[in-house]
Amino acid sequence: MSAIEQTTALHLPALQPPRRYLFGPGPSMVHPRVYEALSKPIVGHLDPYFIQVMGDVQQLLKTTFGTSDGATLVISGTGSAGMEAAVANFVEPGAKFAVFANGYFSDRLTEMAKRQGANVVRFEKGWGETFTDDEATEFIRREKPKVVAYVHAETSTGALQAGRAICAAAHDAGALAIADCVTSLGGVPVEFDRTGIDVAYSCTQKGLSCPPGLSPMAMSPRAMDFLRARTTPSRSWYLDLKLIHDYSTVSHRYHHTAPISMFYALREALMVIAEEGIENRWERHRRCNRAFVKGVEAMSLRMHVPEAHRIATLNTVCVPQGVDEAKARKRLLDEPGIEIAGGFGPLAGKVFRIGVMGPLATEDNVQFFLKEFKKTLSAEGYSI
Ligand SMILES: *Cc1c(COP(=O)(O)O)cnc(C)c1O
């Protein structure tokens, strides 16, 4: 270290992050037990204790995803790493890849698949809209793709896409169905087996109330058969699911050094969910969502997505006329320390994205948020 660098380090204040209420789309609030798990001593990544922790996580994930015969594993990387793993392993160069495109994350899926050399076909809709069973089925029948992908909970719009018809049509066409469950897992029902999903990926920092850093995945027996039968290796070595599955589930031979502390954190977060009961957790989120919507509607604000297609844990509220959404967000962050997000792409300046999930999803917190939100909007010139 040079003299200059040393002086800088000595003059830096101790790490003291501000306390925030994370009412955004993620990262969401971390459960206190998860913070405790993060401070436990690490062991080696091939230590029998760590292998046991990985096994526990896989087992707990089965309940969280809702799968009995699917394989579960964890990618060392955020939700986008899970997305890239799904694309790099199941979409072969030249293969036809059908995407239901109605928001930012389906565009990211499209971009990744193009980089893998796939032949991408898109069914496009506006941001906040969803696909009906009939039109989804018709699209897949017409295109006859090898792989289909949709975003279950589209965080950029607040819309929830039902997956059953998409997965059934994909199977009829002999295709695999990939579902982006990054925002839905742990917050709203994913029901992997019942929906018929073949490949699902998620993240730790949204519905699971953990810090960002890992991407849990589930794969159906059909998906595992596809992997085994694949003769050309995936173009991504780090995200090669055959190698990762072998490391995490079969031989436990070194592939990469798993982030031990994050696995502890995820194990604890999944334990917290299991103790509450996943159905009870969904119901708590639904209850808080009803209270939230009632509160914003009482302020004469409108929700962006029709009631039947809303994500219970992530609300998109239309920005009222005359209010500058960036200023309102800054005021919320500066004064009560509340983080929410704005819209982007076609929804830039048009919506607030407000998450009510995990430990924040209580009636008291919803009322606290609504009170502060109302004060902020009034201060920004909105008269109710
Ligand atoms: C957040 C998110 C991602 C990306 O996850 P990162 O953890 O930010 O990499 C992908 N898809 C959806 C639907 C998301 O909400």
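Residues numbered from 1 in each chain as written. Predicted model: local features only at pLDDT ≥ 70, side-chain atom pairs only at ≥ 80, totals over all residues. Heavy atoms only, no water.

Caption draft 1: Molecular detail of the overall build of the protein chain. On a plain count of helices and strands, the protein chain comes out with 14 helices and 14 strands. Here the C-alpha radius of gyration of the protein chain, 21 Å, is about what a compact globule of 384 residues would show, namely 21 Å. With respect to the principal axes defined by its C-alpha atoms, the protein chain has extents near 65 × 60 × 45 Å. Intrachain contacts of the protein chain at a sequence separation of at least 6 include 72% that bridge at least 24 residues. (Helix = DSSP H or I, 4+ residues; strand = E, 2+ residues; numbered from the N terminus. Rg over C-alpha atoms; globule rule 2.2 N^0.38 Å. Contact = heavy atoms within 4.5 Å.)

Caption draft 2: Representation of the domain arrangement of the protein chain. Under the domain assignment used here, the protein chain contains domain 1 (21–27 + 277–379) and domain 2 (32–274). At the interface, 26 residues of domain 1 touch 28 residues of domain 2. Roughly 2200 Å² is buried in total at the junction of domain 1 and domain 2, and carbon and sulfur atoms are behind 65% of that figure. In this assembly, domain 1 and domain 2 are joined by zero salt bridges. Our count for the contact surface shared by domain 1 and domain 2 stands at 12 residue pairs in polar contact (both at pLDDT 80 or more). For the side of domain 1 that touches domain 2, the elements supplying multiple residues, two or more each, are α12 (278–298) and β11 (314–318). Counting residues per element, the side of domain 1 that touches domain 2 draws most heavily on α12, at five residues. By residue class, the composition of the side of domain 1 that touches domain 2 is 13 nonpolar, nine polar and four charged. (Domains from an automatic or database assignment. Buried area = accessible area lost by both parts, 1.4 Å probe. Salt bridge = Lys/Arg side-chain N within 4 Å of Asp/Glu carboxyl O. Polar contact = N/O pair within 3.5 Å; in protein donor to acceptor, adjacent residues only side chain to side chain. Nonpolar A, V, L, I, M, F, W, Y, C, P; charged D, E, K, R; others polar.)

Caption draft 3: Fine view of the packing of aromatic side chains. Enumeration according to the criterion identifies 16 aromatic pairs in this entry. Ring centres 6.3 Å apart and planes at 70 degrees place the aromatic pair Phe 65 and Phe 192 in the edge-to-face group. Here the residue Phe 65 occupies a position in helix α3 (residues 48–65), and Phe 192 occupies one in helix α8 (residues 192–195), the gap between them amounting to 127 residues. Of the two residues, Phe 65 and Phe 192, neither departs from the other in class, the shared state being buried. Aromatic side chains Phe 100 and Phe 123 sit 6.1 Å apart centroid to centroid with 45 degrees between the ring planes, which places their arrangement in the tilted category. (Phe/Tyr/Trp six-rings, centres within 6.5 Å; stacked < 30°, edge-to-face > 60°. Buried < 20%, exposed > 50% of the residue type's maximum accessible area, 1.4 Å probe, protein only.)

Caption draft 4: Spotlight on the pairing of strand β8 (residues 176–180). In terms of burial, β8 is a largely internal element, five of the five residues being buried. Residue alternation in β8 divides its side chains into two sets, Leu 176, Ile 178 and Asp 180 and Ala 177 and Ala 179, and both sets are buried. Both strand β5 (residues 147–151) and β8 contribute to a ladder of five bridges, which runs parallel. Looking at β8, one finds that Val 148 is bridged to Ala 177. Two strands pair when backbone bridges link them, and β8 and strand β9 (residues 199–201) are joined in this way by three bridges, in the parallel orientation. Counted as the bridge partner of Ala 179 is Ala 200 from β9. (Pairing = 2+ DSSP bridges.)

Caption draft 5: Focus on the sheet that holds strand β14 (residues 351–355). Read from one edge of the open sheet, three strands run β11-β14-β13, paired in antiparallel fashion. Every other strand in the sheet has two partners, leaving β11 and β13 (341–342) as the edge strands with one partner each. Here β11 pairs with β14 via five bridges, running antiparallel. Bridge pairing in β14 links Asn 315 to Ile 354.

Caption draft 6: Molecular detail of the side chain of Arg 310. Mapped onto the elements, Arg 310 comes out in the loop between α12 and β11. Buried charge without a salt bridge: Arg 310, with Glu 297 as the nearest opposite-charge side chain at an N-O distance of 4.3 Å. In this structure the side chain of Arg 310 is engaged in a polar contact, spanning 2.7 Å, whose partner is the backbone oxygen of Val 305. Sequence-distant contacts of Arg 310, that is, excluding residues within four places in its chain, are made with Gly 158, Leu 160, Val 293, Glu 297, Met 303 and Val 305. (Lys, Arg positive; Asp, Glu negative; His and termini not counted.)

Caption draft 7: View of the site of the ligand. Not every one of the 14 residues close to the ligand is listed here, only the nearest: Thr 78, Ser 80, Thr 155, Asp 180 and Lys 206. Note that an oxygen atom of the ligand is positioned 2.9 Å from one of the backbone N or O atoms of Gly 79. Between the ligand and the protein, one listed contact pairs an oxygen atom with a side-chain N or O atom of Lys 206 at 2.7 Å. In isolation the ligand has 380 Å² of accessible area, and contact with the protein removes 89% of it. Mapped onto the shell around the ligand, the elements with two or more residues apiece are α4 (79–90) and α5 (104–115). (Near = heavy atom within 4 Å. Areas by Shrake-Rupley, 256 points an atom, 1.4 Å probe, with all protein chains shown as cover.)

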